[in-house]
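Analysis of the macromolecular model
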Amino acid sequence: MKLSFLQANYLLKPFYSLLVIFLLSQNTVLSQTPELKDYAKEAPKTVEKSAIDLARYLTENETDTKQKVFNIYTWITYNISIDAKDIVSIKHKPHSIKQILNRKKGSSGEFAGLFNQLCNYVEIPSKDIVGYVRATNFDEGMQIVEASAVWNGVKIDSSWFLIDTYSGCGSIVRKNKSFLAKLFSAKSQQYKLIFKRETDINFYCIQPEKLISTHLPVDPAWQLIQFPVSMDSFQSLDWEGYNYKMDNCDPKLANAQDYTRLLNVYEHLSNLPYMEKVAIKSNAFYPENFALLAQYYLFKGQAMYAGHADPKIYIQRNNSVIQTLEKAELNAKKHQQTINTETLKTISNFKSSINKNIRNVQSTRSKITSQHLSTTQKVLAAGKKEVQQSTNSLADLQSKINSKTYQPLNVNASTKNERADLLKENKLALAKTNKELFQLKDSLYKTNSNLEASLMEKAQLFEALKGKNLILNDLLLEFNKYTVDKAPLMPLKKLSAFIDTCGTEIDSLNKALIQNRRDISINSNNITKIQSALNKNVIQKQKYIKQICTYSGSSNCDTDEYNSSIELLKSIDQVKLEMSKMNLDLKQEDISFNQTMFEILDDQAFLFNDAENNLNDYENFRINNLEFDKKKSNYQMEEIKKYADKYINKLSALNNKLKQKMK
C-alpha cells in the first residue's frame, strides 16, 4: 500500500520531533564542566598585552575545543572587571581590544568582543549575541525596549553553545559613601557602585532554557530552544522562565529548526553582513527596537565611504552613502520616540501602581495607627486618674463597711391585735419582698456570669490584638527592607495588601474590644444596681419583720429570718467591696494593656513614617533609573544623528564641488 506524502509526513512527525529535540539537546555534550586550570586564571604580564599571544597561551597545550573555550572563559572572568563607572555614565566611550586588556575592565559588549577575538584567533567560531535583559526589579507596566546586553554564541564540536563572561565574572554592588561624600551628592547618589568579583562557571555553556529566563536575544535564532519565546511572554508579569511549551503569544516563532540552520550561515559572515542580519531580525522580532538598524546603517555608511577618480561615480557613491546615513538618522529618531514614549508611559504606570497599591494603603493605615495612638494616649492618661479615684473610693468604702453596725432584732412585742389588717398587709409585703429578693439574687448570678465571660473574652481579644499588632510590625519591617533594597514592585504590593488585611483585622479587634469594654461596664453597672435594689429590699424586709413582731407578739416573730437578712446585708457590702476591688484591678489592667498598646503603636507610627520616607526614595530611585536609561539611549541615538548629519552635509558639499568641476 502506497502512502501519500501527507500520510507519510504525519506518520513520521513523532520522529521529526525527536530529531529536533535531539539536535537541540546537543548542549548536554558539555554536561561535564572542563577542568579549571591554574595557568588559565593568570597569564604572564607579557602575554596579556597582546590578544593573539594571550589566545595562543590559553589554548596551545590543549587539544579539546571545549577545554580551550573554557580556558578563555576562565581568564576573562578571573581578570576582566565590569566597568562600574560606565554603568552610571550616559556617555560610553568604546574601547579597542588592546585598551580592554590594558584597562582590565569593560562593558558587556567589550566582554563579548574580547571573547570573540580570543576565540577567532585560535579558529573557534564565535559570535556576539545582542539581547534584552529582564531585571530582577522588573515591574508592572514596564516595557523593555533597549537591547543593552551582549553575550556570545560559540561553536564547539559542530554545536552552538551560549557563553556570558560578563555575568560570570561577578556583579556590581552598592556601597554607601562616606559622610563627607554624601554631603556633596544628590539624594539619589548616596552610594557608589563597585565591582565585586564572584567567578561563576555556570555561565560557561549555560543551558539556553536557563539563560532565557533573564536574557532574550534580539534574534530568535540565538534562543537555541525548541519553542522560541516571544517578547510578549518575556515581558509578561507572569514570566517565570522557559516551560517547554509552544509560545501562544506568537505561533510564528514555533519553528526552531529554521533558526538553528541560520547559525551555520552566521558563522561565515563578516561583521557588517552579520550585523545587517541581526538588525533586520531584531526589528522584525520586536518592531519597537530601531537602535540596531540605526547603528547598522551608520557602520554601513562609514564602510561605503570611498573616493573615485571619476566624478560621476564619486557623486553616485556619495549619494548612496548619504541615503544610508539618512536611514541611520531616521531609525535613530524612531528609537528616540519609542524610548521617550515608553519611559513616560512606564513612569506613569509605575506611579499609578504605587499610589493605588502601596502609598494609599500605607497612608490610610498610618492615619488609623496615629488615631489609635492618640486615643490610647488619652485613655492612658484618663485611666491613671480613674485608678487614683478608684483607689480613694475603695479606701472610703472599706472604712464605711468597717465602721458600719448592723442592728439586731430588739422589739417589745405587743399582745394587742388592734392592727390585724396591717399585719396581714405586712405579711403579704414580706412575701413579695422575699420573691423580689430571690429574683434579684438570680439576676445577680446571671449578670456576674456575663461579667466573667466578658472578662475572659477581653483577655482573649487583648492577646489577639497584641499578636496582630506585632505581626503588623514585622510586616512593616519587611516592607522597609524591600524598599531599601530596591526590590521589585510586586512583593511590595503583596506586602501592602498583607499590611492592609492585618490592619483591617486590628480595626475589627479594636471594635470588638471597645464593645467588650462596654459590656463589662454595663454588667458592672447592672451588678451595682442589683446590689442597691437588694440592699433596699433587705432593709424593707427588716422593717416588715419588726412590724410583724410588734403587732403580732413574740410568738409569730421570725428572729432567724431577721438574722439572715443581717447576713445578707453583710454579704452585699462584701460583694460591693469585691466589685470595687475588681474595678480597680480592671482599670490597672487597662493601664497595663494601654501601655503595651501605646508602645506597639508608637513603634508602628515610627515604622510607617520610615515606610513613607523609604517609599519616596524607592520611587525616586526607580524613576531616576528610568530617566537615566532614557537619557543614555537618547545620547547614543543623538551621537548617531550628529555623525550622520555631519557626513551628510560634508558629502553634499563635496558633491556640489564635484558638480561645479564637471561643468
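Quantities reported herein were computed from a predicted structural model and do not represent experimental measurements. (Residues numbered from 1 in each chain as written. Predicted model: local features only at pLDDT ≥ 70, side-chain atom pairs only at ≥ 80, totals over all residues. Heavy atoms only, no water.)

1. What about helix α8 (residues 108-121)?
How we decide: Secondary structure elements follow DSSP: runs of H or I of four or more residues count as helices, runs of E of two or more count as strands, with numbering from the N terminus. Each residue after the first adds 1.5 Å to the expected span of a helix. Any residue under 20% of the maximum accessible area for its type is buried, any over 50% is exposed, and the rest in between are partly exposed; the area is computed with a 1.4 Å probe on protein chains only.
End to end, α8 covers 20 Å across 14 residues, agreeing with the expected 20 Å (1.5 Å per residue, within 8%). Every buried residue of α8 is accounted for by Ser108, Glu110, Phe111, Ala112, Leu114, Phe115, Asn116, Leu118 and Cys119. Positive phi shows up at Glu123, right after α8, with a value of about 60°.

2. Notes on helix α14 (residues 271-285)
The condition that has to hold: The arc in question is the one spanned by the directions pointing from the helix axis to the C-beta atoms.
Compared with the 21 Å implied by 1.5 Å per residue over 15 residues, the 20 Å span of α14 between its first and last C-alpha is a close match. Among all positions in α14, only Tyr274, Met275, Val278, Ala279, Ser282, Asn283 and Phe285 are buried. Buried residues in α14, looked at end-on, bunch into an arc of 160°, giving them a common side.

3. Overview of the sheet that holds strand β8 (residues 215-217)
This is how the line gets drawn: Only strands joined by at least two bridges in the DSSP assignment are considered to pair. To get an axis, a line is fitted to the C-alpha atoms, and for a helix only the part in contact is used. The angle between two axes follows their N-to-C directions and goes from 0 to 180 degrees. Contact between two residues is taken to exist if any of their heavy atoms lie within 4.5 Å; hydrogens are not considered.
Taken in spatial order, the 4 strands make up an open sheet running β5-β4-β3-β8, and their pairing is antiparallel. Every other strand in the sheet has two partners, leaving β5 (159-163) and β8 as the edge strands with one partner each. Here the strands of the sheet are splayed against their neighbours by 45° on average, with no regard to which way each runs. Examined bridge by bridge, strand β4 (residues 149-156) and β5 share 5 bridges and lie antiparallel to one another. Looking across to β5, one finds that Ile156 is bridged to Ser159. Here helix α5 (residues 65-79) sits on the sheet and contacts β4 and β5; the angle it forms with β4, its principal contact strand, is near 155°.

4. Focus: the pattern of salt bridges
Side chains that differ in charge, positive against negative, can pair when their charged atoms come close. So the rule is basically this: The rule for a salt bridge is simple: a side-chain nitrogen of Lys or Arg has to be within 4 Å of a carboxyl oxygen of Asp or Glu.
Taken as a whole, this structure holds 23 salt bridges when the rule is applied. In this structure, Arg365 engages Asp500 in a salt bridge whose closest nitrogen and oxygen atoms are separated by 3.2 Å. A residue pair is termed long-range when its members are at least 10 positions apart, and Arg365 in helix α16 (residues 311-403) and Asp500 in helix α18 (residues 489-552) qualify at 135 residues. On the accessibility criterion, Arg365 (5% relative accessible area) is buried. A relative accessible area of 29% means that Asp500 is categorised as partly exposed. When the shortest N-O distance is used, the salt bridge between Lys641 and Glu638 registers 2.9 Å.

5. A few points about the nonpolar core
The line we're drawing: Side-chain atoms within 4.5 Å are what join buried Ala, Val, Leu, Ile, Met, Phe, Trp, Tyr and Cys residues into a set we call a nonpolar core.
Of all hydrophobic cores here, the largest spans 116 residues; its most connected members are Trp75, Ile76, Leu114 and Val154. It is helix α19 (residues 559-662) that contributes the most residues to this core, 15 residues altogether. Of all hydrophobic cores here, the second largest spans 14 residues; its members include Leu437, Leu451, Ile527 and Leu534.

6. Thoughts on the packing of helix α15 (residues 291-304) against α19
The condition is simple: Should an angle lie under 35 degrees it is considered roughly parallel, over 145 roughly antiparallel, and from 65 to 115 roughly perpendicular; all remaining angles are considered oblique. Handedness of a helix crossing follows the sense of rotation of the near helix relative to the far helix, less than a right angle counterclockwise being left-handed and clockwise being right-handed. Basically, the charged four are Asp, Glu, Lys and Arg, the nonpolar ten are Ala, Val, Leu, Ile, Met, Phe, Trp, Tyr, Cys and Pro, and anything else, Gly included, counts as polar.
Here α15 crosses α19 at 30°, and the two axes come no closer than 11 Å. As judged from the angle between their axes, α15 and α19 are roughly parallel. In the packing of α15 onto α19, the handedness of the crossing is left-handed. When α15 is examined against α19, the residues Ala291, Ala294, Gln295, Leu298 and Gln302 are found in contact with a partner set consisting of Met637, Ile640, Tyr643 and Ala644. For the contact of α15 with α19, the per-class residue count stands at 7 nonpolar, 2 polar and no charged.

7. What about the packing of aromatic side chains?
For clarity, the threshold we go by: When the centres of two rings from Phe, Tyr and Trp lie within 6.5 Å, Trp using its six-membered ring, the rings pair. Their planes under 30 degrees apart give stacked, over 60 give edge-to-face, and anything left gives tilted. We count a charge as sitting over a ring when the NZ of a lysine or the CZ of an arginine lies within 6 Å of the ring centre and within 35 degrees of the ring normal.
Tallied over the full model, the rule gives 15 aromatic pairs. With centroids separated by 5.7 Å and ring planes inclined at 90°, the aromatic side chains of Tyr39 and Tyr57 adopt a geometry described as edge-to-face. Separated by 18 residues along the polypeptide, Tyr39 in helix α2 (residues 38-41) and Tyr57 in helix α4 (residues 51-59) bring together distant segments of the chain. Classification of Tyr39 as partly exposed rests on a relative accessible area of 24%. Seen in terms of ring centroids, Trp160 and Trp222 are 5.3 Å apart; in terms of plane orientation they differ by 80°. Their pairing is edge-to-face. Residue Trp160 is found in strand β5, and its partner Trp222 is found in the loop between β8 and α12 (231-234); the two are separated by 62 residues along the sequence. For Trp160, a relative accessible area of 7% corresponds to the buried category. Overall, the relative accessible area of 2% leaves Trp222 in the buried class. Pairwise contacts between aromatic rings join Trp160, Trp222, Tyr266 and Tyr274 into one cluster. The ring of Tyr274 carries Lys127 above its face, with NZ or CZ at 4.8 Å from the centroid.

8. With respect to the pairing of strand β3 (residues 126-133)
Most of β3 is tucked away: 6 of the 8 residues are buried. With 6 bridges joining them, β3 and β4 adopt antiparallel strand pairing. The residue of β4 that forms the bridge with Ser126 is Val154.

9. What to know about the packing of α15 against α16
Running from N to C, α15 and α16 cross one another at 160°; their axes reach a closest spacing of 8 Å. On the basis of the axis angle, α15 is roughly antiparallel to α16. Of the two possible hands of crossing, α15 and α16 adopt the one that is left-handed. Residues Ala291, Leu293, Ala294, Tyr297, Leu298, Lys300, Gly301 and Met304 of α15 pack against Ser320, Val321, Thr324, Leu325, Lys327, Ala328, Asn331, Ala332 and His335 of α16. Of the residues contributing to the contact of α15 with α16, the split by class is 10 nonpolar, 5 polar and 2 charged.

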